[in-house]
Amino acid sequence: MDRRLHHRSQPARCLPAGGPLLDEAYKRSVAAQPGGGVPGLWTEHRAYAKVRLTPQRPQGDVPADTPTLAHRGWEITVIPTGRDRWKGAPVHATAFVTLKRKDPSAPWRVSAVGTA
């Protein structure tokens, strides 16, 4: 998050851009979550996050897609990058994303995200 552009570190601040991609229940859930703090080194180096997403193949008991429900996995790598050329240690996570839509012709919406 670029602190010059975002004065508060709260998930709800990101909703105007991402809001149309979320279903209504998940959008309310995200908006109700408290914001997290920005690590001190990030502030010191005026850092922003470089994010890399890599799709993952389903493993284990992932249900098959249906016309209105799908599950996707993503490997997420976040690299804190300072405007002074500082680079922090990469942070890795896996996101498990549930997508739903009202009917097969409707657009997909994110209805849940879990991480590991």
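An account of the accompanying structure is given in this report. Note that the structure is a prediction, hence the values are computed from the model and not measured. (Residues numbered from 1 in each chain as written. Predicted model: local features only at pLDDT ≥ 70, side-chain atom pairs only at ≥ 80, totals over all residues. Heavy atoms only, no water.)

## Here's the deal with the overall build of the protein chain
Here comes step 1: The secondary structure content of the protein chain amounts to three helices and four strands.
Here comes step 2: Each helix and strand of the protein chain, ordered N terminal to C terminal, gives the series α-α-α-β-β-β-β.
Here comes step 3: Evaluated residue by residue, the protein chain yields a buried proportion of 23% over its 116 residues.
Here comes step 4: When contacts within the protein chain are restricted to residue pairs at least 6 apart in sequence, those whose partners lie at least 24 apart make up 46%.
Here comes step 5: Carbon and sulfur atoms form 58% of the exposed surface of the protein chain, whose accessible area is close to 8100 Å². (Helix = DSSP H or I, 4+ residues; strand = E, 2+ residues; numbered from the N terminus. Buried < 20%, exposed > 50% of the residue type's maximum accessible area, 1.4 Å probe, protein only. Contact = heavy atoms within 4.5 Å. Areas by Shrake-Rupley, 256 points an atom, 1.4 Å probe, with all protein chains shown as cover.)

## A look at the pairing of strand β3 (residues 91-100)
Here comes step 1: Pairing between strand β2 (residues 69-81) and β3: ten bridges, direction antiparallel. By the bridge assignment, T77 is partnered in β3 with H92.
Here comes step 2: As judged from the six bridges shared by β3 and strand β4 (residues 109-115), these two strands associate in the antiparallel manner. Following the sheet pairing, K100 is matched in β4 by R109. (Pairing = 2+ DSSP bridges.)

## Side note on the sheet that holds β3
Here comes step 1: The sheet built from four strands is open, its strands ordered β1-β2-β3-β4 with antiparallel pairing. Here the strands that pair on one side only, and so sit at the sheet edges, are β1 (48-56) and β4. Taking the axes of each pair of neighbouring strands and ignoring which way they run, one obtains an average angle of 30° across the sheet. (Axes fitted to C-alpha atoms, helices over the stretch in contact; angles between N-to-C directions.)

## Points about the environment of V62
Here comes step 1: On the secondary structure map, V62 appears in the loop between β1 and β2.
Here comes step 2: The exposure class assigned to V62 is partly exposed, which follows from its relative accessible area of 37%.
Here comes step 3: A C-alpha to C-alpha distance of 8.9 Å links V62 and R72, two positions ten residues apart in sequence.

From the geometry alone we can't say anything about function, so treat these as descriptive.
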